[in-house]
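Notes for the structure review
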Amino acid sequence: MTSSSVIEVAGLGKNFKLYNSAGARIASWLRGDRPGDHKDNWVLRGVDFTVQRGECVGIIGRNGSGKSTLLKMITGTLHPTEGSIRVDGRVLALLELGTGFNVELTGRQNVSLSAELHGFDPDYATRRMDDIERFADIGPFFDRPVKTYSSGMFVRLAFSIFLFMEPDILIVDEALSVGDLFFQQKCFEAIQQIKDRGTTLLFVSHDMSAVRNICDRAVLLDGGRATFIGAPDEAVMHYYQANTTPSPAGTAVAGAAAAVAEAAPAGELIDTIHSRSILDGKVRLGNGGLEITAARVCTDAGADVLEVRSAHSLNIWLALKAHERIVEPNVGVEVYDRFNQLIYGVSLRNLGHVLEPMEPGRMLVVHFRLRFSVMPGEYSISLATAEQHGTDDQNAGRFLDRHDKLGPILVFWDQPMMKFYGVAELHTDFEVFDPSAAPARAQAVDAE
Ligand SMILES: Nc1ncnc2c1ncn2[C@@H]1O[C@H](COP(=O)(O)OP(=O)(O)OP(=O)(O)O)[C@@H](O)[C@H]1O
């Protein structure tokens, strides 16, 4: 191990042998493995990387790619089948979060217990108790038995204890995502401080923006192999490319449908939208005064899909019915990413279109064509109708019917070269001036 490296992983492999039966497993223990007793199941193979002191390295990969297995070998809870791992320093892993807790004891008592289990002197917990209590921020529950905690409170307590134990290497994993958004934000601030203190961090996550924000490098695992090691931005791009390819036939909602012809009679249009509707009514707000009776998502060719190549368009058709007089009706659509961040929202009003008043019983079809010039990934959509009349909020109005968390829509990218980096594409023009070749040429980059 070099003086600056704290973790060295070389030729690492883990094989979970698959036995035909429990009997075959026991027999092989007793008399040694014979050919045919088991099948090999290599969940990690040939993994090599080094982590330098003070570095923050992200470990990313889709479900089942081997992240937890790798971490368990680094913390010593699993043994490699082949290869080696060398770790220099005290490792604390969030994935062991709360494993030493006694649920009959209070949070406060568990702080002392955990400190003792990790070899700290009894005074250490006493000195740090106020800080830990403040960070956990679980109010009176700190002095109640842990068995009465919600999963969020459990994570708060465990993470607070881990923070104050000052390990040489801290392994942070998805357990963190159990806490609420505000606690997560506090944790990320704390992680940044830990990093600034010079602690080495392994950060295992599906949260690609967090990986990009806090990691110095990232390891991408795919099928048990480290397929990329390097800059977090690049690792994330490779991750998306590997994980957002479309299904071969398209994710058809209801089979390939005929295009909604522009000239189709309104009744037929409404029937088509109804027969292809993606509304599920699961998250719905409003009094339904201007009801969204159905909504359809399709390609320009009329295929009902919930996936689109990045920087290409999908059509969203809404069938509406008024149940009361709406003076200034408005209709809008919003797109949210997996962190529930509003990526884009637009309404007819934003687009400069004012609908005339609607009387009860009146029906209407509204069509939006949205270009998904966003990072590959999954997005949910919200659809809403509103009364703008007599409301202070020029943008939102008063919601009459709103469906949230529809989809998800998969935005994919299947080319080696990404079209852009970041959350969204900003239309870009560019010029290149070459003094040896006149005249200079200007070109525009457009999405489709
Ligand atoms: N004890 C075990 N016995 C057999 N197979 C196992 C065992 N533990 C894990 N595996 C298998 O190893 C593979 C990798 O699992 P692992 O939990 O390391 O993946 P992961 O990348 O952490 O996934 P996730 O993101 O879902 O947590 C999976 O196919 C899993 O089923």
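What counts and how
Residues numbered from 1 in each chain as written. Predicted model: local features only at pLDDT ≥ 70, side-chain atom pairs only at ≥ 80, totals over all residues. Helix = DSSP H or I, 4+ residues; strand = E, 2+ residues; numbered from the N terminus. Buried ≥ 20, exposed ≤ 12 C-beta atoms within 10 Å, placed from the backbone. Contact = placed C-beta atoms within 7 Å. Arc of directions from axis to C-beta. Near = placed C-beta within 6 Å. Nonpolar A, V, L, I, M, F, W, Y, C, P; charged D, E, K, R; others polar.

Considering the overall build of the protein
- Each helix and strand in the protein was counted, giving 9 helices and 24 strands.
- For the protein, with 448 residues in total, the buried portion stands at 34%.
- Contacts in the protein between residues far apart in sequence, at least 24 positions, make up 69% of those at least 6 positions apart.

Side note on helix 3 (residues 107-117)
- Those residues of helix 3 not exposed but buried are Gly107, Asn110, Val111, Ser114 and Ala115. Projection of helix 3 onto a plane perpendicular to its axis shows the buried side chains occupying an angular sector of 140 degrees, all on one side.
- Tucked inside the fold, the buried residues of helix 3 contact helix 4 (122-136) and helix 5 (151-163).
- At the C-terminal side of helix 3, glycine 119 shows a positive phi close to 80 degrees.

Side note on the site of the ligand
- Within the structure, the ligand sits among Phe16, Val43, Gly61, Asn63, Gly64, Ser65, Gly66, Lys67, Ser68 and Thr69.
- Residue contributions to the shell around the ligand peak at 3 residues, all from helix 2 (residues 67-75).
- Residue classes in the shell around the ligand are distributed as 2 nonpolar, 7 polar and 1 charged.

Let's talk about unusual backbone geometry
- In the segment running from glycine 407 into proline 408, the intervening peptide bond is cis, with an omega of 5 degrees.
- Mapped onto the elements, proline 408 comes out in strand 22 (residues 398-412).
- For aspartate 137, which is not glycine, the phi dihedral falls at a positive 55 degrees.
- Note that aspartate 137 resides in the loop between helix 4 and helix 5.
- At alanine 311, a position not held by glycine, the phi torsion is positive, near 75 degrees.
- The residue alanine 311 is located in the loop between strand 16 (307-309) and strand 17 (313-322) in this model.

Remember that the coordinates give geometry; whether it matters functionally is a separate question.
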